[in-house]
Amino acid sequence: MNDNRGGPKVGVLVPYTNVNLEPDLQLMRPRGVTFHFERLGGYDVDKIPGSEQMAGLGASDINESLRLVSGVRPAAVLYGCTSATLTHGAAFDRELAAQIKERSGAVSITAAGALVEASRALGVSRIGLASPYLGEVNDQAAEFLASEGIETVQRADIGRALGNYGQGELTPGEVEALALRADGPGVEAIVLSCTDMRSVEVIDRVEGKTNKPVLTSNQAMVFALSRALRLPMPEGPWGRLLASAKV
């Protein structure tokens, strides 16, 4: 019996209320890879995850979580929160990735950085952005992407303040409707930002309805991971990014 192990071990740092990153990564798991998760704190579960909360998570001390996940001797470590670094800017995101690499000895990939890498791989620079974030965080997300040469020409906010659990409780149908509102004239790709939003499940449907590539935080991390470790891209309904990618 082939249990699909024996390949690289990948550590994943995930906010402690996030319930969708783990199942998403298992759905898209590259052959042979095993994922090993460690939870992150640094934010108040009872407060709305606005800019201050997410920036606090990004700036929190991750040394102990990183030490624990490094116990599996990972080939790569994923930083599984997009907004935690979007709120600080691209320079912060790159510095955090460098610190994780130095302390773990592993390839380091952030969710925000993976979205940038995926956009460049597809050659898109004009996007529609959709997320469950508060408007202030979406403003910072657009600024982050603009600093990397990616213009947000259409934006769809969820329209209400979601708590830390509310983001993960959005149904795939709600996420699909949100994604379709991010499409418009001049949009080359639709970006669904948030590692706790059930975006992976709607990629194929949204691409079919818009005829445009869809990028999600978790799908982009799998893309960047597979490319960094020179692994075959996983097969499945994960969109044009993985289907057309070359390692």
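Here, every reference points to the structure presented above.
Below is a summary of the structure that appears in this document.

The rules we used
- Residues numbered from 1 in each chain as written.
- Predicted model: local features only at pLDDT ≥ 70, side-chain atom pairs only at ≥ 80, totals over all residues.
- Heavy atoms only, no water.
- Salt bridge = Lys/Arg side-chain N within 4 Å of Asp/Glu carboxyl O.
- Helix = DSSP H or I, 4+ residues; strand = E, 2+ residues; numbered from the N terminus.
- Buried < 20%, exposed > 50% of the residue type's maximum accessible area, 1.4 Å probe, protein only.
- Pairing = 2+ DSSP bridges.
- Axes fitted to C-alpha atoms, helices over the stretch in contact; angles between N-to-C directions.

### Considerations on the pattern of salt bridges
Per the counting criterion, the structure on display carries 13 salt bridges. The salt bridge involving Glu174 is made with Arg160; its shortest N-O contact spans 3.7 Å. Here Arg160 lies in the loop between strand 6 (151–157) and helix 8 (164–169) and Glu174 lies in helix 9 (residues 172–181), a separation of 14 residues in the sequence. Residue classification places Glu174 among the partly exposed positions, given a relative accessible area of 33%. Judged by its relative accessible area of 43%, Arg160 is partly exposed. A cluster of three or more residues bridged by salt bridges with shared partners is formed by Arg94, Arg120 and Glu148.

### Notes on the sheet that holds strand 8 (residues 214–216)
Overall, parallel pairing links the four strands, which are arranged 6-5-7-8 in an open sheet. Both edges of this open sheet fall to strand 6 and strand 8, since each of them pairs with a single strand only. Shown here is a sheet whose adjacent strand axes are inclined to one another by a mean of 25 degrees, direction ignored. Here strand 7 (residues 189–192) pairs with strand 8 via three bridges, running parallel. What sits directly across from Val191, in strand 8, is Leu215.

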